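# Tertiary structure, described
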Amino acid sequence: MRAEIQNVVEEIEKSVALLAQRLDVDTAKHRLEEFNARVEDPNLWDDPEAAQKLMRDRQMLVDAMDTHAKIKQDLADNIELIELGEMEEDEEVISDAENAIKALAETAAQKELEALLDGEADGNDTFLEINAGAGGTESCDWASMLARMYVRWAEKKGYKVELQSESAGEEAGIKSATYKISGTNAYGWLKSESGVHRLVRISPFDSAAKRHTSFTSVGVYPVVDDNIEIEVNPADIRIDTYRSSGAGGQHVNTTDSAVRITHAPTGIVVTSSEKSQHQNRDIAMKALKSRLYQMELDRRNAAVNEMHENKGDAGWGNQIRSYVLQPYQMVKDLRTNFETSDTKGVLDGDLDGLMAATLALDVSGKSRAEAQAD
C-alpha cells in the first residue's frame with residue numbers, strides 16, 4: 001500500500017477509535033437492548049414527551065452504532081481490495097479502492113465531529129456576546145473583527161444570524177454586540193469560543209506603526225427552548241427602558257424601546273434594542289434564562305472549566321486563543337495547542353479545526369492526539 005494511502009487509513013482508524021470512545025462501544029449493544037425493552041412497554045405513550053425523548057435517544061444510539069460499524073467495515077473492505085489488486089497487479093482495482101478510502105476519510109472526519117456534539121443543549125440555537133476589553137479604539141476594532149469572523153463562520157454553516165444589540169466604539173469598531181445564531185448544533189459548535197481572545201498586530205491607528213496587544217471577551221449561551229425550564233423570580237429582576245445609541249445603520253434604532261434586564265442575585269445584565277419594546281422584553285428574558293442555564297452547565301462541568309481557567313489571566317479575563325499578525329502569522333488555541341498559520345482564513349470564518357480540537361478536549365479532558373494515543 002502506498003505511503004499516502006497508508007496515512008489516510010491511519011487517519012480513518014483514529015476517527016473510528018474516537019467514535020468508539022464516544023459510543024462506549026463495549027456497552028452499546030446492552031444499552032440498545034434496554035431501549036428496545038422500554039419501547040415495548042404498552043404504557044410507554046402515557047407520557048408522550050418522555051416517549052418521544054426515549055425514541056430520539058434510541059435512534060441516536062442506533063445511528064451511532066451503524067455509523068461506527070459501517071466506516072469500520074468499509075475501511076476493511078477497501079484495504080482488502082487494494083491488497084487483492086496488488087497481488088493481481090490490477091491498477092484499476094487499486095485506484096478505485098484508494099479513491100473510496102479518500103472519500104471515506106472525509107466521511108469519518110465529519111462523523112467524528114458530529115459525535116462530539118451530543119451535550120444536553122448542543123443542538124440549540126445560541127446567543128453570542130462580544131465585549132471589547134481595556135484598550136480603547138484598538139480593542140473596539142478587534143471586537144468588530146471577531147464579530148465579522150463569527151458572522152462569516154455562521155453564514156458558511158447556513159445558520160441564521162440576528163443582531164440583538166450593538167454599542168459602537170467612539171472612533172472605530174464596537175464596544176459590544178450580541179447576536180442570536182440559529183441552526184442545528186449552533187450552541188454545540190460555538191460553546192468552545194467562550195473566553196478571552198488576544199490579538200497582536202501592527203496597529204492601523206498608531207502613526208508610529210508599533211505593535212499592539214488587544215483583548216476581547218466572547219460569551220456563548222444556549223437559547224433555552226421549551227424543553228428546558230428555567231424559573232426567574234420577578235422580584236429578582238429590574239427592567240429598564242432606554243434610548244439606544246450607535247453609529248447608525250440598518251441594525252441600529254434610535255427609539256426609546258431598548259430594554260435592559262438586571263438579575264440581582266447573579267448580577268447578570270442583558271439588553272435588546274429591536275424596534276418593539278414588547279419584543280425586546282421577550283428577547284431579553286430569553287437571553288437572561290440562557291445565561292442562567294449556562295451557569296448551571298458550568299457548574300456541572302466544573303472540572304473541565306477549571307482546567308481551562310488555570311491557563312492564567314490576560315487583560316481582564318482568561319485567554320483561550322492568540323491571534324498573532326505581526327511579526328509572524330499564527331493563530332493558536334492555548335487549551336489544545338492547535339495552531340495554524342492561515343490567519344486570514346481564520347478571520348474569514350474558517351474555525352472548524354479550532355472548534356473541533358476543543359470539542360474533543362471538552363469530551364475527554366484530553367487533546368485529540370492524546371485521545372488517539374489511548
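Residues numbered from 1 in each chain as written. Predicted model: local features only at pLDDT ≥ 70, side-chain atom pairs only at ≥ 80, totals over all residues. Heavy atoms only, no water.

### What about the nonpolar core?
- Residues Tyr150, Tyr179 and Tyr323 are the most contacted members of the largest nonpolar core, which totals 55 residues.
- For this core, the element with the most residues is helix H5 (residues 137-157), which contributes ten residues.
- Among all residues touching Tyr150, those that are not within four sequence positions of it are Leu128, Ile130, Leu190, Glu193, His197, Val218, Arg321 and Leu351. (Core = buried A, V, L, I, M, F, W, Y, C linked by side-chain atoms within 4.5 Å. Buried < 20%, exposed > 50% of the residue type's maximum accessible area, 1.4 Å probe, protein only. Helix = DSSP H or I, 4+ residues; strand = E, 2+ residues; numbered from the N terminus. Contact = heavy atoms within 4.5 Å.)

### A few points about the side chain of Ser322
- Turning to its location among the elements, Ser322 is positioned in strand S10 (residues 317-324).
- A polar atom in the side chain of Ser322 sits 3.1 Å from the side chain of Arg198.
- Reaching out from Ser322, the side chain makes a polar contact with the side chain of Gln319 at a distance of 3.2 Å.
- Beyond its immediate stretch of four places on either side in the chain, Ser322 contacts Arg198, Met330, Val331, Lys332 and Leu334. (Polar contact = N/O pair within 3.5 Å; in protein donor to acceptor, adjacent residues only side chain to side chain.)

### Concerning the environment of Phe338
- Along the chain, the position of Phe338 falls in the loop between strand S11 (330-333) and strand S12 (339-340).
- Distance in space between the C-alpha atoms of Phe338 and Ala356 is 9.8 Å, their sequence separation being 18 residues.

### Quick notes on the confidence of the model for the chain
- Scored by pLDDT, the chain has a mean of 83; 85% of the residues are at 70 or more.
- By mean pLDDT, the top-scoring element of the chain is helix H9 (residues 343-347) (97), and the lowest-scoring one is strand S9 (residues 313-314) (38).
- Contacts for the low-pLDDT stretch residues 246-255, under 50 throughout, to residues beyond four places or in other chains number 16 contacts. (pLDDT = per-residue confidence, 0-100.)

### A look at the packing of helix H2 (residues 25-39) against helix H3 (residues 48-88)
- Across the interface, H2 lies against H3 with an axial gap of 10 Å and an inter-helix angle of 145 degrees. Regarding H2 and H3, the two cross each other, and that crossing is left-handed. For the pair H2 and H3, contact is made by Val25, Ala28, Lys29, Arg31, Leu32, Phe35, Asn36, Arg38 and Val39 and by Leu54, Met55, Asp57, Arg58, Leu61, Val62, Met65 and His68, respectively.
- Looking at the contact of H2 with H3 residue by residue, the class counts come to ten nonpolar, two polar and five charged. (Axes fitted to C-alpha atoms, helices over the stretch in contact; angles between N-to-C directions. Left-handed = near helix turned anticlockwise from the far one by under 90°. Nonpolar A, V, L, I, M, F, W, Y, C, P; charged D, E, K, R; others polar.)

### Observations regarding the sheet that holds strand S7 (residues 258-263)
- Read across the open sheet, the three strands follow the order S6-S7-S8; overall the sheet is antiparallel. Where the open sheet ends on each side, the last strands, each with one partner, are strand S6 (237-242) and strand S8 (268-272). Going from strand to strand, the sheet's axes swing by 20 degrees on average, the running direction of each strand aside.
- The sheet contact formed by S6 and S7 spans six bridges and is antiparallel. Residue pairing across strands places Tyr242 opposite Ala258, the latter belonging to S7. (Pairing = 2+ DSSP bridges.)

### Here's the deal with H2
- Along its 15 residues, H2 runs 21 Å from first to last C-alpha, staying within 8% of the 21 Å computed at 1.5 Å per residue.
- Among all positions in H2, only Ala28, Leu32 and Phe35 are buried. Each buried residue of H2 sits inside an arc of 65 degrees when the element is viewed along its axis, so together they form one side. Turned more than 90 degrees away from the buried face of H2, the exposed residues are Asp26, Lys29 and Ala37.
- In the core, the buried residues of H2 are packed alongside helix H1 (3-23) and H3. (Expected span 1.5 Å × (residues − 1). Arc of directions from axis to C-beta.)

### Comments concerning H5
- Its 21 residues place the ends of H5 31 Å apart at the C-alpha level, agreeing with the 30 Å of an ideal helix rising 1.5 Å per residue.
- Of all 21 residues in H5, 15 are buried, a share of seventy percent or more.
- Following H5 by one or two positions, Gly158 has its phi on the positive side, about 80 degrees.

### Examining the packing of H1 against helix H4 (residues 91-115)
- In contact at an axis separation of 9 Å, H1 and H4 are set at 30 degrees when each is read in the N-to-C sense. Accordingly, the angle class assigned to the pair H1 and H4 is roughly parallel. Handedness of the H1/H4 crossing: left-handed. Mapping the contact onto sequence places Glu4, Ile5, Val8, Val9, Ile12, Ser15, Leu18, Leu19 and Arg22 in H1 and Glu98, Ile101, Lys102, Leu104, Ala105, Ala108, Ala109, Lys111, Glu112 and Ala115 in H4.
- Looking at the contact of H1 with H4 residue by residue, the classes come out as twelve nonpolar, one polar and six charged. (Parallel < 35°, antiparallel > 145°, perpendicular 65-115°, else oblique.)

### Comments concerning the environment of Gln110
- If you trace the backbone, Gln110 turns up in helix H4.
- With relative accessibility at 38%, the residue Gln110 sits in the partly exposed group.
- Considered as a pair, Gln110 and Ser15 are 95 residues apart in the sequence and their alpha carbons are 9.2 Å apart.

### A word on the environment of Glu4
- Secondary-structure assignment places Glu4 in helix H1.
- When its relative accessible area of 42% is taken as the criterion, Glu4 is described as partly exposed.
- In this structure the C-alpha to C-alpha distance between Glu4 and Glu98, which are 94 residues apart in sequence, comes to 9.7 Å.
- Side chain to side chain, Glu4 and Arg2 meet in a polar contact 3.2 Å long.

### Some points on the side chain of Asn78
- Mapped onto the elements, Asn78 comes out in helix H3.
- On the basis of relative accessibility, which here comes to 12%, the residue Asn78 falls in the buried class.
- Beyond its immediate sequence surroundings of up to four residues, Asn78 is in contact with Ala97, Ala100 and Ile101.

### Considering unusual backbone geometry
- For the bond from Gln326 to Pro327, the omega torsion is 5 degrees, close enough to zero to count as cis.
- Note that Pro327 resides in the loop between S10 and S11.
- Phi angles above zero are rare outside glycine, and Asp24 is one such case at about 55 degrees.
- Within the fold, Asp24 resides in the loop between H1 and H2.
- At Asn185, a position not held by glycine, the phi torsion is positive, near 65 degrees.
- In this structure Asn185 comes out as buried when scored by relative accessible area, which is 19%.

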